[in-house]
Amino acid sequence: QVQLVESGGGSVQPGGSLRLSCAASGTIFRLDAMAWYRRPPGKQRDLIAYISSDDTTNYTGSVRGRFTISRDNRKNTVYLQMNNLKPEDTAVYYCNAAARTTLFSTVKNYWGLGTQVTVSS
């Protein structure tokens, strides 16, 4: 009963920037780790950025130094700032969150529906 909605995708030229947002809503007792994944055309979905409940972060090598993941716990929102975008960054971007709906419920993973990012001249 947790919904994730991504926003901020679009088309940009190489070298440009975009900021993605993912807002969680519904019945939320606690949000734990959150992450961004992406699926390039014709390829599998891969983890690209991760942020823990205490703001520890990690990135896959292809985006490290260019992308920054952050979160605002007051808004139940995770962000992905993407700088120096390259054509190979073209993909559908998805957010993921681990959450409990009550104190006694199990931790489950939730997915957004994705937002398209296209990088081309």
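Residues numbered from 1 in each chain as written. Predicted model: local features only at pLDDT ≥ 70, side-chain atom pairs only at ≥ 80, totals over all residues. Heavy atoms only, no water.

Draft legend 1. Just the pairing of strand β3 (residues 18-26), in detail. Strand direction decides the pairing type here: strand β1 (residues 2-7) and β3, joined by six bridges, are antiparallel. Its bridge partner being in β3, Q3 is matched across the sheet by S25. Pairing geometry for β3 and strand β8 (residues 77-82), over six bridges, is antiparallel. Looking across to β8, one finds that A23 is bridged to T77. (Pairing = 2+ DSSP bridges. Helix = DSSP H or I, 4+ residues; strand = E, 2+ residues; numbered from the N terminus.)

Draft legend 2. Quick look at the sheet that holds β3. Ordered by their spatial adjacency, four strands build an open sheet running β1-β3-β8-β7, and the pairing between neighbours is antiparallel. Sheet topology places β1 and β7 (67-72) at the edges, where each strand pairs with a single neighbour. Ignoring strand direction, the axes of neighbouring strands in this sheet form an average angle of 15°. (Axes fitted to C-alpha atoms, helices over the stretch in contact; angles between N-to-C directions.)

Draft legend 3. Examining the state of the cysteines more closely. According to the stated counting rule, one finds one disulfide in the structure shown. Here C22 connects covalently by a disulfide to C95, the sulfurs 1.8 Å from one another. Because the sign of the S-S torsion sets the handedness, a value of about 40° for the bond joining C22 and C95 places this disulfide among the right-handed ones. A residue pair is termed long-range when its members are at least 10 positions apart, and C22 in strand β3 and C95 in strand β9 (residues 91-100) qualify at 73 residues. (Disulfide = S-S within 2.5 Å.)

Draft legend 4. Quick peek at the packing of aromatic side chains. With the rule as written, the count across this model stands at one aromatic pair. Taking the ring centre of Y37 as reference, the NZ or CZ of R45 above it sits at 5.9 Å. Over the ring of W111 we find R45; its NZ or CZ atom is 3.7 Å from the centre of that ring. (Phe/Tyr/Trp six-rings, centres within 6.5 Å; stacked < 30°, edge-to-face > 60°. Lys NZ or Arg CZ within 6 Å of the ring centre and 35° of its normal.)

Draft legend 5. Just the nonpolar core, in detail. Grouped together as the largest cluster of nonpolar side chains are 29 residues, with contacts concentrated most on W36, L80, M82 and Y93. Broken down by secondary-structure element, the contributors of at least two residues to this core are β1, β3, β4 (30-39), β5 (46-51), β7, β8, β9 and β11 (115-119). Excluding anything up to four places from it in sequence, Y93 contacts E6, L20, W36, Y37, R38, I48, F67, L80, M82, G114, T115 and V117. (Core = buried A, V, L, I, M, F, W, Y, C linked by side-chain atoms within 4.5 Å. Buried < 20%, exposed > 50% of the residue type's maximum accessible area, 1.4 Å probe, protein only. Contact = heavy atoms within 4.5 Å.)

Draft legend 6. Spatial organisation of the side chain of D89. Structurally, the position occupied by D89 is in the loop between β8 and β9. A distance of 3.0 Å separates polar atoms of two side chains, one belonging to D89 and the other to R38. Ignoring sequence-local partners within four residues, the contact set of D89 consists of R38, R66, F67, N84, V117 and V119. (Polar contact = N/O pair within 3.5 Å; in protein donor to acceptor, adjacent residues only side chain to side chain.)

Draft legend 7. The environment of M82, seen in detail. Take M82: it is sitting in strand β8. Separated by 64 residues in the primary sequence, M82 and L18 place their C-alpha atoms 5.3 Å from one another. Those residues in contact with M82 that lie beyond four places of it in its chain are G16, S17, L18, L20, R66, F67, Y93 and V117.

Draft legend 8. Local environment of a nonpolar patch on the surface. Side chains of F29, L103 and F104 sit close together on the surface and give an oily, nonpolar patch of about 390 Å² of accessible area. Examined against the element boundaries, F29 turns out to sit in the loop between β3 and β4. Given a relative accessible area of 46%, F29 falls into the partly exposed group. (Patch = residues over 30% accessible without salt bridge, like charges linked within 9 Å, V, L, I, M, F, W, Y side chains within 5 Å. Areas by Shrake-Rupley, 256 points an atom, 1.4 Å probe, with all protein chains shown as cover. Salt bridge = Lys/Arg side-chain N within 4 Å of Asp/Glu carboxyl O.)

Nothing here speaks to function; it is all geometry.
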